[in-house]
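Chain by chain, the residues:
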Amino acid sequence: MSSIEISNVTKRYGDKPAVDNVSLTINKHEFMVLLGPSGCGKTTLLRSIVGLERVDSGTVTIGGRDVTNRVPRKRNISMVFQSYAVFPHMTVFDNIAFGLRNQKVADNEVKRRVGEAAELLHITELLDRKPAAASGGQRQRIAVARAIAVDAEVLLMDEPLSNLDALLRLEMRAELKRLMKELQVTVVYVTHDQIEALSMGDRIAVMKDGQILQCAAPLEVYDRPADRFVGSFIGNPPMNFIPSLSPTGAAALMGIRAENIVLHEQAHPTALAGRLSVIEPLGSQNLYTVVLQSGHTVKVATRPDLHIPIDAAVWLEPMTGKALWFDVDRGNSVTS
Ligand code: ATP
């Protein structure tokens with residue numbers, strides 16, 4: 001399985017770049033997630049890797065070979081789409097065998113590889129049936145089995161779980177992660193779901209307006225967002241951004257996660273004074289909304305057994321070393 005090198009790739013529709021001078025290296029066997037809101041260019045970047053879009057400038061290399069001008073079938077990439085497009089008139093076996101037969105693989109080899117893929121995805125008992133007899137989750141597995149059966153160098157997935165219900169999504173998330181590690185495949189996975197990104201990715205590339213704002217391991221992106229947008233997009237609740245003075249004395253935004261704030265019920269010299277306005281019990285924790293004297297709203301996560309009455313005066317203290325600093329205008333991190 002191969003590494004992918006995306007260098008200065010731009011793809012425009014009309015005047016507007018959907019992908020704007022993006023460079024990204026995806027390592028061999030890495031599970032890379034492209035994460036961002038609708039319209040940020042994730043799908044366009046994925047389609048540029050697979051060759052369904054012709055890029056305006058830049059290059060794509062896979063396993064050291066420049067594939068920028070190659071048609072999709074010459075790139076040795078397999079893809080799973082959101083609308084997992086299984087063929088209803090074919091049996092599950094024929095669905096999984098589809099790519100292999102296109103590649104003119106010999107019959108006994110087709111049988112072996114389909115059997116292997118079906119076993120990995122626990123759908124062996126469905127092989128003789130039509131997809132109509134399969135559940136949503138099983139159909140999704142058929143699509144993944146078809147993609148892995150061809151033994152491509154790279155597997156691309158575009159929101160493959162988004163059509164499944166919440167519980168099945170959770171199950172498939174863990175299953176896909178296990179499977180991809182087992183197969184040691186290089187994966188590029190598109191999603192707008194930050195939980196999926198945090199839980200599955202070796203690294204996450206966070207995109208906005210056709211650009212990658214940060215590419216790093218999930219906890220790094222969560223703990224040290226490079227940009228205000230990243231801190232807001234990743235994490236529930238979003239990171240708090242409080243107008244403040246930075247350690248250098250300059251005006252800045254202090255970025256602090258809800259779980260990194262200590263809530264005091266008595267006045268505290270280094271803490272920000274405010275008033276408790278909403279309590280949301282979430283089971284494992286309580287989420288408190290506090291309105292500061294400055295008028296800014298801050299979310300604070302506390303132990304579930306802490307009970308403070310609404311409207312009580314409270315004092316918020318960022319935990320040592322947890323506050324980050326962001327430029328007021330540009331939103332980029334200025335934490336040294
Ligand atoms: P989503 O999560 O909604 O699929 P995305 O992040 O994958 O969004 P893209 O589909 O890559 O975003 O779209 C990026 C931008 O390019 C959007 O502004 C979109 O409207 C535009 N775009 C995408 N495909 C085309 C096309 N074929 N013609 C014109 N504009 C397009």
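The final tally for this structure, using the stated rule, is 1 cavity of 30 Å³ or more. What the largest cavity holds in volume is close to 30 Å³. Taken together, Ile 242, Met 254, Ile 256, Ile 261, Leu 272, Leu 316, Glu 317 and Pro 318 form the lining of the largest cavity. Those elements that provide at least two residues to the lining of the largest cavity are β12 (251-256) and β17 (313-318). Here the lining of the largest cavity gets 3 residues from one element, more than from any other, and that element is β17. Classifying every residue of the lining of the largest cavity by side-chain character gives 7 nonpolar, no polar and 1 charged.

This next bit is on the state of the cysteines. Note: disulfide means a covalent bond formed between the sulfur atoms of two cysteine side chains. Tallied over the full model, the rule gives 0 disulfides. Of all cysteine sulfurs, the one in Cys 215 lies closest to Cys 40, which takes part in no disulfide; the gap is 13 Å. A relative accessible area of 2% means that Cys 40 is categorised as buried.

The next thing to look at is the site of the ligand. Around the ligand, the neighbouring residues are Tyr 13, Lys 16, Ala 18, Pro 37, Ser 38, Gly 39, Cys 40, Gly 41, Lys 42, Thr 43, Thr 44 and Glu 159. Separating an oxygen atom of the ligand from a backbone N or O atom of Gly 39 is a distance of 2.7 Å. When the ligand sits alone it has 630 Å² of accessible area, and the protein chains cover 58% of it. Elements represented by at least two residues in the shell around the ligand include exactly β2 (16-26) and α1 (42-50). Ranked by residue count, the leading element in the shell around the ligand is α1, at 3 residues. Each residue belonging to the shell around the ligand can be placed in one class, and the counts come to 4 nonpolar, 5 polar and 3 charged.

Attention shifts here to the pattern of salt bridges. By the definition in use, this model includes 15 salt bridges. Glu 109 is paired through a salt bridge with Arg 113; the nearest N and O atoms lie 3.1 Å apart. Of this pair, Glu 109 and Arg 113 both sit in helix α3 (residues 107-120), separated by 4 residues, roughly a single helical turn. The class of Glu 109 is partly exposed, set by a relative accessible area of 26%. Looking at Arg 113, the relative accessible area reads 17%, which means it is buried. One connected set of salt bridges, linked through shared partners, spans Glu 109, Arg 112, Arg 113 and Glu 116.

Our next topic: the layout of surface pockets. Empty space within the largest pocket amounts to approximately 710 Å³. Lining the largest pocket are 22 residues, with Ile 77, Ser 78, Met 79, Gly 99 and Asn 102 positioned closest to its centre. Going through the elements one at a time, β6 (77-80), α2 (92-102) and α4 (136-149) are the ones with two or more residues in the lining of the largest pocket. Top contributing element to the lining of the largest pocket by residue count: β6, with 4 residues. Here the lining of the largest pocket is composed, by residue class, of 15 nonpolar, 5 polar and 2 charged. There is about 270 Å³ of room inside the second largest pocket.

Of all hydrophobic cores here, the largest spans 51 residues; its most connected members are Ile 96, Met 180 and Tyr 189. Not counting the four nearest positions on each side in its chain, Met 180 is found in contact with Phe 31, Val 144, Ile 148, Leu 155, Met 157, Val 185 and Val 187. Counting 26 residues, the second largest nonpolar core, distinct from the first, contains Ile 4, Val 19, Val 60 and Ala 205.

On to the packing of aromatic side chains, then. Geometrically, a pair of aromatic rings is defined through the distance of the ring centres and the angle of the planes. Throughout the structure, instances matching the rule amount to 4 aromatic pairs. Judged by centre distance (4.8 Å) and plane angle (50°), the rings of Phe 87 and Phe 98 are tilted. Here Phe 98 lies in helix α2 and Phe 87 lies in the loop between β6 and α2, a separation of 11 residues in the sequence. When the centroid spacing of 5.2 Å and the interplanar angle of 80° are considered together, the rings of Phe 241 and Phe 326 count as edge-to-face. Here the residue Phe 241 occupies a position in strand β11 (residues 240-245), and Phe 326 occupies one in strand β18 (residues 324-326), the gap between them amounting to 85 residues.

Contact geometry of α2 with α3 gives a least axis separation of 9 Å together with a crossing angle of 125°. Considering their axes alone, α2 and α3 lie oblique with respect to each other. For the pair α2 and α3, the crossing hand works out as right-handed. From α2, Phe 93, Ile 96, Ala 97, Leu 100 and Arg 101 reach across to α3, where they touch Val 110, Lys 111, Arg 113, Val 114, Ala 117 and Ala 118.

The rules behind each value
Residues numbered from 1 in each chain as written. Predicted model: local features only at pLDDT ≥ 70, side-chain atom pairs only at ≥ 80, totals over all residues. Heavy atoms only, no water. 1 Å grid on protein atoms, 1.4 Å probe; cavity = no way out; pocket = protein on both sides within 12 Å on 5 of 7 lines; lining within 4 Å. Points joined across faces, edges and corners; volume = space filled by probe spheres on them. Helix = DSSP H or I, 4+ residues; strand = E, 2+ residues; numbered from the N terminus. Nonpolar A, V, L, I, M, F, W, Y, C, P; charged D, E, K, R; others polar. Disulfide = S-S within 2.5 Å. Buried < 20%, exposed > 50% of the residue type's maximum accessible area, 1.4 Å probe, protein only. Near = heavy atom within 4 Å. Polar contact = N/O pair within 3.5 Å; in protein donor to acceptor, adjacent residues only side chain to side chain. Areas by Shrake-Rupley, 256 points an atom, 1.4 Å probe, with all protein chains shown as cover. Salt bridge = Lys/Arg side-chain N within 4 Å of Asp/Glu carboxyl O. Core = buried A, V, L, I, M, F, W, Y, C linked by side-chain atoms within 4.5 Å. Contact = heavy atoms within 4.5 Å. Phe/Tyr/Trp six-rings, centres within 6.5 Å; stacked < 30°, edge-to-face > 60°. Axes fitted to C-alpha atoms, helices over the stretch in contact; angles between N-to-C directions. Parallel < 35°, antiparallel > 145°, perpendicular 65-115°, else oblique. Left-handed = near helix turned anticlockwise from the far one by under 90°.

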